[in-house]
Amino acid sequence: VVTGRPTALAALVLGIVAAATGGVASGQDVVGVYLTYPADPTTGMVVNWVNLYPQNTGTVWFRETGTDEWASAEAEHSQLAPSALQLRRVELGGLRPDRPYEFGIGSRPEGRDKGWRFRTMPARLERLVRFVSGGDMMHSREQLDRMNRQAARLEPDFALLGGDFAYANGVAAMRWVDWLGSWSSAALARDRRLIPIVPAIGNHEVRGGYGGEIPKDAPYYYGLFVRPGGRSYHALDVGDYLSLVVLDSGHTEAIAGPQASWLAEALAAREARPYLFVAYHFPAYGTAKGPADGLAVDHPRSAEIREHWLPHLDRFGPTAVFEHDHHTFKRTHRLRGHRRDDENGLIFLGDGAWGVKTRPVPAAESAWWLAKAEARNHLWAIDLRPSAPPLARAFDEDGEIFDEVELVPVRPMPVPEGLPVAVPESEPELEPATAS
Ligand SMILES: [Fe+2]
């Protein structure tokens, strides 16, 4: 027999539950909020967040900072399967370039300590544009937090992240909970500004690491970062000055075949762009993982990347190439045709040591391709400057700059036929590789 009183109590309890999990801003239990870019990062932003409740609001309130009028947008909702985490994603468009925006989930954020901010990219390079880059991010939450805080201190426009985010291996969703929590707190820049992510996939996003099935073996990477119909390899153009080309070094897409063909087309379409950066996870010119009887460059996967990607990179001359996975710091000499070419070669920056235990680096005399290598946690910060060449600097987690190089030539191109190619005849002299 159901009496009136328990029913009223049940209704009251249900009401409280609804208030706690419904449209109340303070009851969102946001695991993490993060930004990714739409096709045009100068006029739009994609706001993504993860929480625990299928029934929560999907409404984002936003406005340009300093204006009065709020606008709202409704996020798409999906489950970050096979976990029970809930993902929401909304693309905000029609924004003005190089402007600050503020937003809240479920309600208008009241006060500077509420909600989050973002900034659209400038359409032209009329101010310093800075991005940070690195990968191999989270052996432990503490290590991730430390380098994320350093990233935030640099106030970058965005972060180009080269894979091995959470070491979830396509399985451990709780590691993504940690990663997202750190990114939305430790990696917050001034005024609660979130740093947009340009992601590349690594082996630790994928069950088995290599040759994974899409999206089954990398459900969280694909769920969080690849929009429906999208791919792990992609290109992004920013205004009239910058392009990013991001590749999948065999984790869910083969290195050879369609991806290599796409790379050739993507680079050809960006031949005239002032600045072009390429990023992928496993290195062509690595530091710490070689076969038992060989050097890091002898790794079969490195050789495969050089065979299928390097001819295109050599032809179109990216400003720099970011590589990861080896848990070291490295800067290569300028290389072309698998030889040192100081005038016109490509430079490779790596090797993925954002928040992981580092590995020893090879002795300088054995690694002819390396200008500098250290077993040191770091991130790269790249400054695009209106009236100077781009500057690449390596920061450790305490903010110490321990390497610095101007990226000149900005677009290294093949030497025209008939001109001498600058390749040293003897083995090049090397800076000592320190192992701090
Ligand atoms: Fe890796």
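Located above this text is the structure these notes cover.
Residues numbered from 1 in each chain as written. Predicted model: local features only at pLDDT ≥ 70, side-chain atom pairs only at ≥ 80, totals over all residues. Heavy atoms only, no water.

Peer 1: Mind laying out the sheet that holds strand 12 (residues 234-238), listing which residues take part and the relevant values?
Peer 2: Taking strand neighbours across the sheet as the criterion, the seven strands line up as 12-13-14-15-19-16-20 in an open arrangement whose pairing is mixed. Looking at strand neighbours, the two that pair on one side only are strand 12 and strand 20 (370-374), the edges of this open sheet. Sheet twist, expressed as the average angle between the axes of neighbouring strands with direction ignored, equals 15 degrees. Where strand 15 (residues 320-322) meets strand 19 (residues 348-350), two bridges bridge the pair, whose relative direction is parallel. The partner of F322 across the bridge, within strand 19, is L349. On the sheet, helix 5 (residues 258-268) packs against strand 12, strand 13 (242-246) and strand 14 (275-279) and is oriented at approximately 175 degrees with respect to strand 13. (Pairing = 2+ DSSP bridges. Helix = DSSP H or I, 4+ residues; strand = E, 2+ residues; numbered from the N terminus. Axes fitted to C-alpha atoms, helices over the stretch in contact; angles between N-to-C directions. Contact = heavy atoms within 4.5 Å.)

Peer 1: Talk me through the pairing of strand 23 (residues 401-406); I want residue IDs and the actual numbers.
Peer 2: Sheet topology note: the strand 22 (residues 388-395)/strand 23 ladder contains five bridges and is antiparallel. Bridging across to strand 23, L391 finds its partner in E406. Where strand 22 folds back onto strand 23 in an antiparallel hairpin, the turn is made up of five residues, including G399, whose phi is positive at roughly 90 degrees.

Peer 1: Any chance you could break down the coordination of the iron ion for me, citing the residues and the numbers?
Peer 2: Only D164 (OD), N203 (OD1), H281 (NE2) and D325 (OD) from the protein reach the iron ion as donors, at distances of 1.9 to 2.1 Å. Note that the iron ion binds four donor atoms; their angles at the metal cover 89 to 159 degrees, and the shape is irregular. (Donors = N, O, S within 2.8 Å, 3.2 Å for Na, K, Ca; no water. Tetrahedral: all angles 85-135°; square planar, octahedral: opposite > 155°, others 65-115°.)

Peer 1: Outline the sheet that holds strand 3 (residues 59-64), listing residues and values.
Peer 2: One open sheet holds the four strands; their spatial order is 4-3-7-8, and the pairing between them is antiparallel. Single-partner strands in this sheet number two, and they are strand 4 (71-74) and strand 8 (116-119). Each adjacent strand pair in this sheet contributes to an overall mean axis angle of 30 degrees, direction not counted. With five bridges connecting them, strand 3 and strand 7 (residues 100-105) associate as antiparallel partners. Bridging across to strand 7, E64 finds its partner in Y101.

Peer 1: Explain the packing of aromatic side chains to me, using residue names and the numbers behind them.
Peer 2: Under the counting rule described, the total for this entry stands at 26 aromatic pairs. Seen from their ring centres, F165 and W176 are 5.7 Å apart, and the 35 degrees between their planes marks the pair as tilted. You can see F165 sitting in the loop between strand 10 (158-161) and helix 3 (173-183) and its partner W176 sitting in helix 3, a full eleven residues away along the chain. The exposure class of F165 is buried, given its relative accessible area of 0%. What makes W176 buried here is its relative accessible area of 3%. Their ring planes at 80 degrees and their centres at 6.1 Å tell us that Y221 and Y222 sit as a pair that is edge-to-face. Each member of the pair, Y221 as well as Y222, is classed as buried. (Phe/Tyr/Trp six-rings, centres within 6.5 Å; stacked < 30°, edge-to-face > 60°. Buried < 20%, exposed > 50% of the residue type's maximum accessible area, 1.4 Å probe, protein only.)

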